[in-house]
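Chain residues, written in single-letter form:
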Amino acid sequence: MKRIRDFFTSWEFFLVVLLAVVCAVFYYVDAGRVAAGISRRPVFYFANVVRSMRPYFLYSFMTLGMMLILAMGDIDISVGAIGTLSVVTLGVTYNNLAVIGGMSGPVALTLSLMACLFVGCVCGAVNGFLCTRFKELFSMIITLATQLFFRGFSYLIIGGETLTFKDPTFRSLSALNKLIDVGGVKVPVSLPVFLVFAIIFFVWLHMTGNGRKIFAIGTNRSATYYSGVQTDKIKFWCFVIAGLMSAVTGIFFVGNSSSSVKADIMDGYHMYAIAAAVLGGFSTDGGKGSVIGAAISLVIFGVVKFGLGTLFGFADSAVNLSVGVILILSVLVPNLIEDWRNARRVARRRAETVAHNS
Amino acid sequence: MSEYILELNGITKIFPGVKALDNVHFNLKAGEIHALAGENGAGKSTFIKVITGAHQPDGGEIILNGEKVVMSDPIIAQERGIAAIYQHAASYPDLSVAENIFAGHEYKIGPFIDWGKMNREAKKLLEAVDADFSPTASVGSLSVAQQQLVEIAKALSMNAKILIMDEPTAALSQREAEALYKIALRLRDQGTGIILISHRFEDMYGLAERVTVFRDAQYIGTWNLHEVEQSFLIHQMVGRDISQLYPKKETETGEELLRLENLSRTGFFRDVNITVKAGEIVGLTGLVGAGRTEVMEAVFGVHQPDSGKIIFRGEEIHAHTPTQMMAKGLGYLPEDRQKDGLLLQWSINHNISLPVMAQECQNGIFISATKERQLSDGMKDLLAIKAPDTDTLTGALSGGNQQKVVVAKQLAANPKMIILDEPTKGVDVGSKAAIYEIMSDLASQGLGILMISSELPEVINMSDRIYVMSEGKITAEFTDTKSLTQEIILNAAMPKAKAAS
């Protein structure tokens, strides 16, 4: 009984309802447009929505990394810059090995991809080292600084240039941009890859002792430390993983737009990652959140952007506005509910006391 | 108009899950010092917060100068002449003395602060409290005693008619405390009503005319101090005979578990030698700030000592961490239970399993809910933790039961020795006795226990051996605790230079 109630009052359930409501609204608007003759055929149907989600699943890998950081009560706003530096590394390494060095394409690409992932980890390690070594500094300030540093480093490497890739082997990365057929529905390659990662993260965060400790750090770092948990070690590795996920995002980014890479790409990606994680139930205070919630949130954002963009013809900036509204509501509503519950509890006790005293 | 400047009748305060004040009364005359006594957790602090407007009572009335008032805000209480000074005074350590005194009611010329006038007025107020420091000094650079003078000057600057002193002498030396008393008496003679909270009976008897006792959030009574004995007051505060409080069993001591040889950490402690044997309860006492917690944190690996040896169970320990020390069989109960001991938003179950996750509660890398539940249910029964079940959040428990959960966390790891830092701080009387009983049981099962405590009665009655620290050094060791008195220990705990002068 309690389990059933817990399920229906859970945040994930609320997100599913929100998603259903959003879909229903868009579906009827779409049908209305067809009926009124504004558009010739419906655009808001499953296969089309899934296909169009491609760009939004770029953020998804970063969101997974961001979840770890938020669960510990920290924040990492350098993830976009890490992605950029990883991608720049990927491109520059490949150009030097294959185009200038004459190494065979596939070998060079493999090495470049490894370098890309490695740089992501190194950047994460820099964040992790600074955040565990200088505990009196907020991770927001540290990663703000490292964000500027990583992006600046990208400029240092390629300047204001645009890296272009005409090499056919390198362009094979655009396979990551393809749609593949899963049970009759064409989905972007990033979707099944994301699902695999999401399952790994779900098991890690919610089913292993190590994951429990990550939430413990975000709930009360000091008490967790006194419980004999190696808080610094865990925090360091979480930042490394967040860096790695940024590099993964970077690889998919190249797949999406393999023709050009500049030092200012992926700017602001950290905001989308934070937004999806926060809507998914993670809090900057740390200690809570669920992988499933974050995954549903990614879908919600994707659907909202698609719907507003194609059905209502909103520009991207206006779509961002709606994402902002959803985010603020998602933070406010649970707080209001909690306040209301507390007030009710106090009122109940007060009533008991009055009854007892009289 | 009645003879009282302040009356509180039938005050009730409820927090989610706990009744902090239950229908309590209090009154204060002008030119009177009225002591408020009770065990930790009796509701004194909450009561003070009701008077100063920090908490709104859920029932009862406050009558100030014959007029019923609602203290909806600390600022209103201040404007009506109520001021409070606390054990740890400094409000803004980075600001100057004058800025602290006039914080919130600065002298201004237009929108700008009138520094000249503010410093001049601050100087006058400082003279009134016998302070010998400049109004432009930074408050953070002052001693605790000097900071308290700043707080009193601040109270005077607001023409406080009612002054609340909450454990003002707890962090002071004897001489500093006496200076503070002199000022309190002078203010009283000038017509200020003073509410004094102190755990020291000598303070109460030396200063106050009347005493009101709270116990477990209830009003017990008000007496003229010269008419009641100290033992009578203790009985009122504790609610039963005090001898039952300490169920210390005689135990045989076994092998040596911990030996500290000339352990030093610059600026905190030096040349500390301590031993703890199996089956022994060793008390480590001294004034606040004597370095007791720092020594034990060095043993547990929170900080590294600069020199000296730590030998734990026959093995010399170097460059260690809490994780390693727990694995070697040492448990540590931190002083600040809410900050360092528990994850208050987590259940009893998850708190107990956290330190032993990998060892006791996992199948491979996966959490086993069954094993976790077995462990915490067992601990709940063993330590008689009062809660409906182990899914109860620790934040909803009473202080005593929270402390039991912290003890359970240590015991889950099967330690050979545990360090308890102020184990009964903020714990109500009933739970105190329960915690002493647990300590006694553990010692008789062969655990070594080191208890850091400022409460001398518990140190004297629970310890087999007592070390006293003062200014970072061990100043005395007592092996015969039967004939010991609080005075002997206090004498050893007093800083020598100041005591001599």
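Here's what I pulled together on the structure shown here.

The rules behind the values
- All residue numbers refer to position in the chain's written sequence, counted from 1.
- Think of it this way: whatever chain is written first is A, whatever ligand is written first is 1, and the rest follow in order.
- Only residues with pLDDT of at least 70 are given local features in this predicted model, and only at 80 or more are side-chain atom pairs given and counted; all residues enter the totals for whole chains, interfaces and linings.
- Hydrogens and waters are ignored; side-chain quantities use all the structure's heavy atoms.
- For helices, the fitted axis covers only the stretch in contact; all axes are lines through C-alpha atoms, and the angles between them, taken along N-to-C directions, range from 0 to 180 degrees.
- In this text, helices come from DSSP runs of H or I with a minimum length of four residues, and strands from runs of E with a minimum of two, each type numbered from the N-terminal end.
- Throughout, the term roughly parallel applies to angles under 35 degrees, roughly antiparallel to angles over 145, roughly perpendicular to angles from 65 to 115, and oblique to all others.
- The handedness criterion is simple: a crossing whose near helix is rotated anticlockwise from the far helix by less than a right angle is left-handed, and one whose near helix is rotated clockwise is right-handed.
- Whether two residues are in contact is decided by their heavy atoms, any of which lying within 4.5 Å being enough.
- Side-chain classes are defined by residue name, with Ala, Val, Leu, Ile, Met, Phe, Trp, Tyr, Cys and Pro counting as nonpolar, Asp, Glu, Lys and Arg as charged, and the others, Gly among them, as polar.
- By definition here, a salt bridge exists when the distance from a side-chain nitrogen of Lys or Arg to a carboxyl oxygen of Asp or Glu is within 4 Å.
- Only protein atoms enter the 1 Å grid, on which a cavity is a set of points fitting a 1.4 Å probe that cannot get out and a pocket is an open set with protein on both sides within 12 Å along at least 5 of 7 lines, lining residues being those with an atom within 4 Å of a point.
- Grid points are joined across faces, edges and corners, and a volume is the space filled by probe spheres set on the points.
- Defined in terms of a 1.4 Å probe, buried area is the accessible area two parts forfeit on being brought together, summed over both.
- Here a polar contact is recorded for every N or O atom pair within 3.5 Å, except that within protein the pair must consist of a potential hydrogen donor and a potential acceptor, and residues adjacent in sequence are included only if both atoms are side-chain atoms.
- For this text, the term disulfide refers to a pair of cysteine sulfurs within 2.5 Å.
- Each residue is placed in one exposure class: buried if its accessible area under a 1.4 Å probe, protein chains only, is under 20% of its type's maximum, exposed if it is over 50%, and partly exposed if it falls in between.
- Following DSSP output, two strands are said to pair if at least two bridges run between them.

## Digging into the packing of helix H14 (residues 369-382) of chain B against helix H15 (residues 399-412) of chain B
Residues and elements named next belong to chain B.
Next, step 1: It is the contact of H14 with H15, at a shortest axis distance of 10 Å, that shows an interaxial angle of 125°. Considering the angle they form, H14 stands oblique to H15. Where H14 crosses over H15, the handedness of that crossing is right-handed. Between H14 and H15, the residues in contact are Leu-375, Met-379 and Leu-382 and Ala-408, Leu-411 and Ala-412, respectively.
Next, step 2: Taken together, the residues of the contact of H14 with H15 sort by class into 6 nonpolar, no polar and no charged.

## Some thoughts on the pattern of salt bridges
Next, step 1: Overall, the coordinates contain 23 salt bridges over all chains when judged by the stated rule.
Next, step 2: Between Arg151(A) and Asp267(A) there is a salt bridge, and its shortest N-O distance comes to 3.7 Å. Taken as a pair, Arg151(A) in helix H7 (residues 139-158) and Asp267(A) in the loop between strand E4 (260-261) and helix H13 (269-279) lie far apart in primary sequence, 116 residues in all.
Next, step 3: Through salt bridges with shared partners, a single network forms among Arg188(B), Asp189(B) and Glu209(B).

## Overview of empty space enclosed by the protein
With a probe scaled to a water molecule rolled over the atoms, the places where space remains empty come into view.
All names here are of chain A.
Next, step 1: Summed over the entire model, instances satisfying the criterion amount to 6 cavities of 30 Å³ or more.
Next, step 2: Along its surface, the largest cavity is lined by Tyr-56, Tyr-59, Tyr-272, Ala-275, Ala-276, Leu-298, Phe-301, Gly-302, Lys-305 and Val-323.
Next, step 3: Listing elements by their share of the lining of the largest cavity, those giving two or more residues are H13 and helix H14 (291-311).
Next, step 4: Of the residues forming the lining of the largest cavity, the biggest block, 4 residues, is contributed by H14.

## What to know about the interface of chain B and chain A
Next, step 1: Contacts between the two partners involve 37 residues from chain B and, on the opposite side, 26 residues from chain A.
Next, step 2: Where chain B abuts chain A, roughly 2,600 Å² becomes buried across the two surfaces, and 59% of that area is made up of carbon and sulfur atoms.
Next, step 3: The largest per-residue losses of area from chain B upon contact with chain A belong to Ile14(B), Trp346(B) and Leu354(B), which jointly make up 19% of the total buried on that side.
Next, step 4: Counting across the chain B and chain A interface gives 1 salt bridge.
Next, step 5: The interface formed by chain B and chain A includes 11 residue pairs in polar contact (both at pLDDT 80 or more).
Next, step 6: Those elements that provide at least two residues to the side of chain B that touches chain A are strand E1 (4-15), strand E2 (18-29), helix H9 (292-300), helix H10 (322-327), helix H11 (337-341), helix H12 (348-353) and strand E20 (366-367) of chain B.
Next, step 7: Looking at the side of chain B that touches chain A, the element that brings in the most residues is H11(B), giving 4 residues.
Next, step 8: Per-class residue counts for the side of chain B that touches chain A are 19 nonpolar, 10 polar and 8 charged.

## A look at the state of the cysteines
Next, step 1: Under the counting rule described, the total for this entry stands at 0 disulfides over all chains.
Next, step 2: Free of any disulfide, Cys123(A) has its nearest cysteine sulfur in Cys121(A), 9.3 Å distant.

## Describing the pairing of strand E21 (residues 417-421) of chain B
Residue and element names in this part refer to chain B.
Next, step 1: Of all 5 residues making up E21, 5 are buried, and the element is well covered by its neighbours.
Next, step 2: Residues Met-417, Ile-419 and Asp-421 of E21 are buried on one face, and the alternating residues Ile-418 and Leu-420, pointing to the opposite face, are buried as well.
Next, step 3: Pairing analysis gives 4 bridges linking strand E18 (residues 330-333) to E21, with the strands arranged parallel. Across the sheet, the residue bridging to Leu-330 is Met-417, located in E21.

## Regarding the sheet that holds strand E16 (residues 307-312) of chain B
Residues and elements named next belong to chain B.
Next, step 1: With antiparallel pairing, 4 strands are arranged side by side in an open sheet as E14-E13-E16-E17. Looking along the sheet, the strands with just one partner apiece sit at the ends: strand E14 (269-277) and strand E17 (315-316).
Next, step 2: Note that strand E13 (residues 256-265) and E16 share 5 bridges and pair antiparallel. Within E16, the position partnered with Leu-260 by the bridge is Ile-310.

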